[in-house]
Amino acid sequence: MGGQSVLRTLDDYSGSTIGRKPIIGDFSWITSSTPLSSINLNWCERDLPERLRTKHVHRLHPYLGKYVPQLVEIFLRKFEPKTVCDPFCGSGTTLVEANSLGVASIGCDISSFNCLLTKVKTDKYDVQKLEFEIKDILSKVAAEINRGDIKKEFVEKESTQYLKDWFAPKALFQLLLYRSFIKNYEYGDILRIILSRAARSARLTTHFDLDFPKEPQTRPYFCHKHHRICRPTDDALIFLSRYSMDTVKRIKEFSKLRTNAPVTIICDDSRSVDFPPFDAVVTSPPYVGLIDYHEQHRYAYELLGLPQRRDLEIGAASNGNSKKARDAYIKGIGEVFANVRRRISDDGVVVIVVHDKHNLFSDMANKIGFRTEDVLTRSVNRRTGRRAEDFFEQVLIWRAT
Ligand SMILES: C[S@@+](CC[C@H](N)C(=O)[O-])C[C@H]1O[C@@H](n2cnc3c(N)ncnc32)[C@H](O)[C@@H]1O
C-alpha cells in the first residue's frame, strides 16, 4: 500500500506548488503525475473556509452527510476519468464537481429528494428566464398573501397531518400557496427546491436542532444557538424570499463554470441498478446506523409528494448499529460495489471516502473483484454548532482486478 497522507496545513505545503503561491482552495495544480502522498487532505478552517466548501450550488439546500467538494476535485484531477460514477450521489457533490471539470458523470441514489436536488444543481438553465420565474412566483405569492386571511379550506384540502403538526397555520398557508403556483413555470424543479428549503427553516423547531427535530416546538424556548429565548416562526414568506435570491445568485455562479459534460441521474437501488459504463467511482457511502436519509427531508417528501423507498436505504440510523445491522450493512455495501464492478472498466479506480470506525471495509475489496491500492487517512476538523468534534476518515483507493 502507498503512503498515508500526513498532517500538514497548506502553509506547510511546498511540493507541487513550487514556484507558485498556494492559493487557498486552489487544487488546479494536481495532475495524474502528482503523488497521492504529497497531497495535503488535512485542512483546517483557515485552509479551506466554509464559504469555499459550500461554494455556488453546493449550498442550494441543506443536506446532512455531504462530503467536501474539494476532495472530489482532487481525485478527479488525479485520476482523470472520462466518466465518473457515484452510486450514493446524495446531494450531487460528485456530479457537480465532475461537470465543472468537463467529466461525464453518473449518479444514483435511493432517495427521490436527493435525486431532485442533484438534478436541480446540475441542470442547464436560461439564467435570465430562471431569474424571471423565481421572482415572478414570489411576487404572485406575496400579492395573494397580502390580499387577506389564511384560506382555511384550501389549507385543509392541501395538507397532510404531518404538515399541520409541523407548521404554524400562516406559514403552512404560504408554503401551500407557493406550491400551487409552481405548475405555471418551466423551471418547476428549482422552485420545488426553494420551497423545500424555506419549509425546512419555517418548521416549528428550535434553531439548534434543524437536522432531526423530535417533536414540534410550539412555545418559546431557551435557544442554545443564540443564547437567549427564541420563539418558533409562524412565517415562511421571509424564507421563500431569502432563498429565492440566494438560489439565483448560486445558479448564476455555477452557470459560469458549468460545462456540457453529460450528467445522468438514476433514482434507484445501487445494489441492482443497471449502470451505464464508467471508468472511475468517487463516492461517500452511507454509514451504519448514522443517518436516516429520507427522514432528514421528511418535510420535503410531505410537501412535494415525492415517492419514498426508506426500506431500501443501506445503513439507516433507524436500524441501529447492532451486529445484525452491521452484517446487513456489509452485505448491502458489498452488493453495491459488486454491481459497480460489473460496469467499471478493467483499469478503473474506485475512491471511497468513509469514516470506517467499525472497520467494516477492511476486507471487502478482495471479495468483489478489487484490490486496495492505497488508504489515506485525513483528519476532519469540524467547528460548526453543537456537532463540533474532530475525527479521522479514510479515503480507500481500490483498483479493479
Ligand atoms: C453519505 S450520503 C452521500 C452524500 C454525497 N457524497 C454528497 O456529498 O451529497 C449516502 C447516500 O446513499 C444513499 N443510499 C442509501 N442506500 C442506498 C441504496 N440502496 N442505493 C442508492 N443509494 C443509497 C442515501 O440516500 C444517501 O444519499
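Residues numbered from 1 in each chain as written. Predicted model: local features only at pLDDT ≥ 70, side-chain atom pairs only at ≥ 80, totals over all residues. Heavy atoms only, no water.

1. Quick look at the sheet that holds strand 9 (residues 390-400)
Heads up, the condition is: DSSP-based pairing: two strands are paired if at least 2 bridges between them are found. Secondary structure elements follow DSSP: runs of H or I of four or more residues count as helices, runs of E of two or more count as strands, with numbering from the N terminus. Whenever a helix is involved, its axis is fitted only over the stretch in contact; in every case the axis is a line through C-alpha atoms, and angles between N-to-C directions fall within 0 to 180 degrees.
Taken in spatial order, the seven strands line up as 5-2-1-6-7-9-8 in an open sheet, and their pairing is mixed. Strands at the two margins of the open sheet, each flanked by one partner only, are strand 5 (263-267) and strand 8 (370-381). Going from strand to strand, the sheet's axes swing by 15° on average, the running direction of each strand aside. Here strand 6 (residues 278-283) pairs with strand 7 (residues 344-354) via five bridges, running parallel. For T283, the partnering residue across the bridge sits in strand 7 and is I352.

2. Digging into the site of the ligand
Heads up, the condition is: Working definition: residue near molecule or strand if any one of its non-hydrogen atoms lies within 4 Å of it. Whenever a nitrogen or oxygen atom comes within 3.5 Å of another N or O atom, the pair is scored as a polar contact, on the condition that within protein one atom can donate a hydrogen and the other can accept it, and that pairs from neighbouring residues in sequence are kept only if both atoms are in side chains. Under the grouping applied here, Gly and all other residues not named as nonpolar or charged are polar, the nonpolar ones being Ala, Val, Leu, Ile, Met, Phe, Trp, Tyr, Cys and Pro and the charged ones Asp, Glu, Lys and Arg.
Taken together, 26 residues form the shell around the ligand, and within it Y63, S91, T93, D109 and S284 come nearest. Contacts to the ligand include Y67, whose backbone N or O atom sits 3.1 Å from an oxygen atom. At 3.2 Å, a backbone N or O of I110 approaches a nitrogen atom of the ligand. Considering only residue class, the shell around the ligand consists of 11 nonpolar, nine polar and six charged.

3. Some details on helix 4 (residues 112-122)
Counted only if it meets this: Think of it in three bands: with a 1.4 Å probe and only protein chains considered, a residue is buried below 20% of the maximum accessible area for its type, exposed above 50%, and partly exposed in between.
Within helix 4, 10 of the 11 residues are buried, which leaves the element mostly enclosed by the surrounding structure. Among the residues making up helix 4, those that are buried are S112, F113, N114, C115, L116, L117, T118, V120, K121 and T122.

4. A short note on the nonpolar core
As a reminder, the rule being used: Nine residue types can take part in a nonpolar core, namely buried Ala, Val, Leu, Ile, Met, Phe, Trp, Tyr and Cys, and a core is a set of them joined through side-chain atoms within 4.5 Å. Domain start and end points were adopted from an automatic or database domain assignment. A contact between two residues is defined here by any heavy atoms of the two lying within 4.5 Å.
Formed by 51 residues in total, the largest nonpolar core has its most connected members in I137, F167, L175, Y178, I190, L191 and L195. Elements that contribute at least two residues to this core include exactly helix 4, helix 5 (127-146), helix 7 (161-166), helix 8 (169-181), helix 9 (188-202), helix 10 (237-257) and helix 11 (298-304). Formed jointly, this core draws a minimum of three residues from each of two domains, domain 1 (10-124 + 258-400) and domain 2 (127-254). If sequence neighbours within four positions are ignored, I190 has contacts with V120, Y125, L130, I134, T247 and I251.

5. With respect to the domain arrangement of the chain
Just so we agree on the cut-off: Once two parts are put together, the accessible area they lose, assessed with a 1.4 Å probe and summed over both, is termed the buried area.
By domain assignment, the chain separates into domain 1 (10-124 + 258-400) and domain 2 (127-254). When each unit is reduced to the centre of its C-alpha atoms, the spacing between domain 1 and domain 2 is 29 Å. Taken together, the 31 residues of domain 1 in the interface contact 27 residues of domain 2. Summing both partners gives a buried area of about 2,700 Å² for domain 1 against domain 2, and 70% of it is carried by carbon and sulfur.

6. What to know about the pairing of strand 7
Along strand 7, eight of the 11 residues are buried, which leaves the element largely enclosed by surrounding structure. Across six bridges, strand 7 lies against strand 9 in antiparallel orientation. Along strand 9, the bridge assignment pairs V353 with V395.

7. Let's talk about helix 12 (residues 323-343)
Rules: For a helix, the expected span equals 1.5 Å multiplied by the number of residues minus one.
Look at helix 12: 31 Å from first C-alpha to last across 21 residues, which is about the 30 Å you get at 1.5 Å a residue. If you follow the buried residues of helix 12, they end up packed against strand 6, strand 7, helix 13 (364-367), strand 8 and strand 9.

8. Thoughts on the packing of aromatic side chains
Note the cut-off: Between 30 and 60 degrees the pair is tilted, below 30 it is stacked and above 60 it is edge-to-face, where a pair is any two Phe, Tyr or Trp rings, Trp via its six-membered ring, whose centres lie within 6.5 Å. Any Lys NZ or Arg CZ that is within 6 Å of a ring centre and within 35 degrees of that ring's normal is treated as a charge sitting over the ring.
One pass over the structure, following the stated rule, counts 14 aromatic pairs. Aromatic side chains Y125 and Y187 sit 5.2 Å apart centroid to centroid with 80° between the ring planes, which places their arrangement in the edge-to-face category. With Y125 in the loop between helix 4 and helix 5 and Y187 in the loop between helix 8 and helix 9, the pair connects residues that are 62 residues apart, well separated along the chain. Neither Y125 nor Y187 differs from the other in exposure class; each is buried. Between F337 and W398, the ring centres sit 5.4 Å apart and the planes meet at 65°, which makes this aromatic pair edge-to-face. Of this pair, F337 sits in helix 12 while W398 sits in strand 9, and the two are 61 residues apart along the sequence. Assigned by exposure class, F337 and W398 land together as buried. Three or more aromatic residues link up through ring pairs in this structure, and these residues are F88, F337, F370 and W398. Directly above the aromatic system of F370 lies the positively charged group of R341, at a separation of 5.9 Å from the ring centroid.

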